[in-house]
Structure formats: structure tokens, C-alpha cells
Amino acid sequence: MGSQSLEATRRGLMIGAAASATAVASPQVHAQGGQAPAAASAPVLSQVSLTVNGQARRLELDTRTTLLDALREHLQLTGSKKGCDHGQCGACTVMVDGRRVYSCLTLAVMHEADEVTTIEGLGQPENLHPMQAAFVKHDGYQCGYCTPGQICASVAMLEEIKAGVPSHVTADLNTAPEISAEEIRERMSGNICRCGAYSNIVEAIAEVAGRQA
């Protein structure tokens, strides 16, 4: 192959490489008819009515808004915490119609007419819920970040036991589950305490359960 042929081939490769780089850096160059790419579509808004801590609330939300973000960002109920945002830590646990729910995994628009209870609705400093008082008494928290979710989950969990809902460690499915440290640990395993206050949390829940027995 002659030197002129080699030069032509090299020139073609360089031109092709430059064209490819330009296409990657500036995708508008390839927009049809020379037009810019279409703008992102506007969010879809929806009205949702729900009862939060005993108060009727009506919100207009992006349909993609989680229940957690609706509570924190739109209703300023910041007790419920955003931890992993994947339903793995339990910091966002609230109660919906009496059942515990990871509020980061459910959309607000799915809870039309539902009753939501957050840590603020359980009790306030001057009028603590028994579970809140027990967590204080037994030092069931350190940094406190997971505590709202722990307390909401524990209150709902005791109602599950009272209703006869079994867990993975319930020995006899034909009888009502008994409140034990093993049952409490299993049922609360979805709520992570990074400070490691688990033994104190179990003691607090057991004390409240003893009062209810």
C-alpha cells in the first residue's frame, strides 16, 4: 500500500473520530430538523384527602410524592425520619389505619381517606404516650434518629399481638401469640437502631406490654 493510501486512511479515521466525539458532547447536533430535545413533561398533580393525627388534611401533590415526603415537606411533620429511603431501616415508620407502614415506600395518593398517625400524634412532651415515656425511662435511644419509627412500630406491633397475628417465631399458630422478648425482637427486626440500644428498646416495649396485659 502506497504512502498516499495510508495518509487517506489515517485522515478518514481522524475525521470519523472527531465526528463521534462531537455527537457525544453535543447531542443537539443530531436532533431531528435541527430542533432542541423536547423539555421534560410537567408533573401530574392530584388531590388527596387524609386524616393526619386526628386532623383532616387536603393536599395537592405530585402523584410520585411518597407519604413520608407529604408528611415532612408538605405538612411539616418532621418527626418521621428519612433514613435509607428503601424501606430497610424503619426510621420512617408511621401508622396507617392502625397498622405500621414504611412511609418512604408508599405513595401519598394511595391513602385517600386513610387515617395516619405519626410520632407527633402519639404524644407531646407535656403528655407522653406510655410507649414514649417507657423509651425515656429505659433509655431506649441514643442519637434518637430512629426513635420515632421505633415507637410507632412498637405501638402497632403490640396491637398485632393483641389481634392474634403470628410472627416467624410464634410456636403454635393455633393459639394466640404471647408477648415475649423473642416475639418483640422478631417483630421489631425491621427497625434498625444504629446506636445499638436494642436491649433497652425491648425493655421499654415489655414494660408497656405488661401494663396492657
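Residues numbered from 1 in each chain as written. Predicted model: local features only at pLDDT ≥ 70, side-chain atom pairs only at ≥ 80, totals over all residues. Heavy atoms only, no water.

Looking at the sheet that holds strand β3 (residues 93-96)
- Here 5 strands make up an open sheet; going across it, the order is β2-β1-β5-β3-β4 and the pairing mixed. For this open sheet the edge positions go to β2 (55-62) and β4 (99-102), each flanked by a neighbour on one side alone. Put simply, the sheet's adjacent strands are angled 40° from each other on average, direction ignored.
- Sheet topology places strand β1 (residues 45-52) next to β2; 8 bridges connect them, and they run antiparallel. Each residue of the ladder has a partner; that of Ser46, found in β2, is Leu61.
- Packing of helix α2 (residues 67-74) onto the sheet brings it into contact with β1, β2, β3 and β5 (115-117), and relative to β2 it is tilted by some 105°. (Pairing = 2+ DSSP bridges. Helix = DSSP H or I, 4+ residues; strand = E, 2+ residues; numbered from the N terminus. Axes fitted to C-alpha atoms, helices over the stretch in contact; angles between N-to-C directions. Contact = heavy atoms within 4.5 Å.)

Points about the side chain of His138
- By the secondary structure assignment, His138 is in the loop between α4 (130-137) and α5 (147-162).
- Among the polar contacts listed, one links the side chain of His138 to the side chain of Glu207, at a separation of 2.6 Å. (Polar contact = N/O pair within 3.5 Å; in protein donor to acceptor, adjacent residues only side chain to side chain.)

Some remarks on the pairing of β4
- Strand direction decides the pairing type here: β3 and β4, joined by 4 bridges, are antiparallel. From the neighbouring strand, Val96 faces β4, where its bridge partner is Arg99.
- The turn linking β3 back onto β4 is made up of 2 residues, and Asp97 within it adopts a positive phi angle of 50°.

Quick word on the state of the cysteines
- Across all of its chains, the model carries 0 disulfides by this definition.
- Cys193 provides the cysteine sulfur closest to Cys146, a residue in no disulfide bond, and the two sulfurs are 4.2 Å apart. (Disulfide = S-S within 2.5 Å.)

Side note on unusual backbone geometry
- Here Asp85, not a glycine, exhibits a phi torsion of approximately 65°, which is positive.
- Following the sequence through the fold, Asp85 ends up in the loop between α2 and β3.
- Not every positive phi belongs to a glycine, and Asp139 is a case in point at roughly 55°.
- You can see Asp139 is positioned in the loop between α4 and α5.
- Assessed through its relative accessible area of 42%, Asp139 is described here as partly exposed. (Buried < 20%, exposed > 50% of the residue type's maximum accessible area, 1.4 Å probe, protein only.)

A closer look at the environment of Glu160
- Inspection of the secondary structure assignment puts Glu160 in helix α5.
- Between the C-alpha atoms of Glu160 and Arg100, which are 60 residues apart in sequence, the distance is 9.6 Å.
- For Glu160, the contacting residues outside a window of four places in its chain are Arg100, Val165 and Arg187.
- Among the polar contacts made by the side chain of Glu160, one reaches the side chain of Arg100 at a distance of 2.9 Å.

Describing α5
- Here α5 is 16 residues long and its end C-alpha atoms lie 23 Å apart, about the 22 Å a rise of 1.5 Å per residue gives.
- Taken across its 16 residues, α5 has 13 buried, putting it largely inside the fold. (Expected span 1.5 Å × (residues − 1).)

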